[in-house]
Amino acid sequence: MRVEDFDFDLPLESIAQHAVDPRDHSKLLVLNKNNGRIEDKMFYNIIDYLTPNDILVINRTKVIPARLFGKKINGVVMECFLLKRIDLKKWEVLLRPAKKLKINDKLIFSDKLSAKLLKIKDDGNRIVEFEFDGVFEEILDELAEMPLPPYITEKLEDKNRYQTVYAKSGESVAAPTAGLHFTNELLEKIQKKGVTIAEVFLTVGLGTFRPVQVDDVKDHIMHSEEFEIPQETAKIINEGKKNGKRIVAVGTTSVRTLESSIDESGNLIPQKSETSIFIYGEYKFKMVDALITNFHLPKSTLIMLVSSFAGKDYVMNAYRHAIENNYRFFSFGDSMFIQGEL
């Protein structure tokens, strides 16, 4: 399977630069994965496609303001992008321009926050130790910017727009964007209809934007991300599967979490762990029955996952339809709901 098989031409104006308001007024393309049939709807119509027999699985990870700008003692400005917490003060980060900071050099962000470079990793990432006066998370919220993907060039005025309304905990550096379409009011209506909502957590890393740089899909090495499946969630889903309920995953992060934690009997395992699962091609889905997802980048692992779920030909045709009908793409873009026959 070639990476080029997942390429498509996307007009620049199709890349969404901001979120719609209200959130649930984005477009919704409904794709039948059994026959390729397409319907054009609005996201608030998602409730019409959900039934009391459904379990809606949401990734409740929280995005942190991960982009900091500081100065060396000599005044050189550098960007420090938080990747992963190691302990209370130490973080793995990306520095730009990386070579400007030597071991034991300091970056000053404010009179409350500074960082010292401790180590340069083999992959080029850096380990820094922060010194701060106060609560680190509060200082970060005050000083740092949300980690918008590089294809979004407009300034984000409201940090909450790159956060789901149900974000609960975690330290993600990218949003689980399929969830950005939900409002609290829509979720209440969905629950009143009898749909069960279950939570998982997957810490979305910068690797989600990492391009596939090989020709053959199977040669790609997937990045690893931390996830958690609570005991209550495993119970809800395992009982639901036994009773013939449909598991509807919100986003590829929820899919990867669920498909990464299944025992030999097909039961979901409650645990905290890491996953580097790469879903593509003829992968047999064991847990997920339907999927809410955004429109993804060409040649990305995300479009490969969606193509594995719904069939490459159907997905690529749906993407062509979306472009022709002025759907908005990527993180702040419109949505797809992929299901089979009920």
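What counts and what doesn't
Residues numbered from 1 in each chain as written. Predicted model: local features only at pLDDT ≥ 70, side-chain atom pairs only at ≥ 80, totals over all residues. Heavy atoms only, no water. Helix = DSSP H or I, 4+ residues; strand = E, 2+ residues; numbered from the N terminus. Buried < 20%, exposed > 50% of the residue type's maximum accessible area, 1.4 Å probe, protein only. Contact = heavy atoms within 4.5 Å. Polar contact = N/O pair within 3.5 Å; in protein donor to acceptor, adjacent residues only side chain to side chain. Pairing = 2+ DSSP bridges. Axes fitted to C-alpha atoms, helices over the stretch in contact; angles between N-to-C directions. Domains from an automatic or database assignment. Buried area = accessible area lost by both parts, 1.4 Å probe. Salt bridge = Lys/Arg side-chain N within 4 Å of Asp/Glu carboxyl O.

The subject of this paragraph is the environment of His-220. The residue His-220 is located in the loop between β12 (196-202) and β13 (225-229) in this model. Here His-220 falls in the buried class, since its relative accessible area comes to 11%. Along the sequence, His-220 and Phe-278 sit 58 residues apart, while their C-alpha atoms lie 8.7 Å from each other. Residues within four places of His-220 in sequence aside, it is in contact with Arg-210, Pro-211, Val-212, Val-214, Phe-278 and Thr-301.

A separate point is the side chain of Thr-61. Structurally, Thr-61 is set in strand β4 (residues 61-63). Looking at Thr-61, its side chain comes within polar contact range of the side chain of Ser-172, at 2.7 Å. Among all residues touching Thr-61, those that are not within four sequence positions of it are Gln-163, Thr-164, Ala-167, Ser-169, Gly-170, Ser-172, Pro-176, Phe-201, Leu-202, Thr-203 and Val-204.

Overall, mixed pairing links the nine strands, which are arranged β2-β1-β17-β16-β14-β3-β12-β13-β15 in an open sheet. Strands at the two margins of the open sheet, each flanked by one partner only, are β2 (38-42) and β15 (271-275). Neighbouring strand axes in the sheet, compared pairwise and without regard to direction, differ in orientation by 25 degrees on average. Summarising the sheet, strand β1 (residues 27-32) and strand β17 (residues 335-339) pair through five bridges and their orientation is parallel. Along β17, the bridge assignment pairs Leu-31 with Ile-338. Of the strands in this sheet, β3 (54-59), β12, β13 and β14 (246-250) are in contact with helix α3 (residues 231-242), which crosses β12 at around 130 degrees.

Here the domain parsing of the protein yields domain 1 (3-63 + 159-339) and domain 2 (67-145). Once you take the C-alpha centre of each, domain 1 and domain 2 turn out to be 32 Å apart. Between domain 1 and domain 2, the residue contacts involve six residues of the former and ten residues of the latter. Between domain 1 and domain 2, the buried area comes to about 590 Å², and carbon and sulfur atoms account for 52% of it. For the domain 1 face of the interface with domain 2, the top three residues by lost area are Lys-159, Glu-171 and Leu-206, together amounting to 71%.

A side chain with one charge can pair with a side chain of the opposite charge if their charged atoms come near. Evaluation of the coordinates by the stated rule reveals 24 salt bridges. Measuring nitrogen to oxygen at the nearest pair gives 3.7 Å for the salt bridge that ties Lys-112 to Glu-142. Placement of the pair is Lys-112 in the loop between β8 (106-110) and β9 (113-120) and Glu-142 in helix α1 (residues 136-143), with a sequence separation of 30 residues. Looking at Lys-112, the relative accessible area reads 37%, which means it is partly exposed. The class of Glu-142 is exposed, set by a relative accessible area of 53%.

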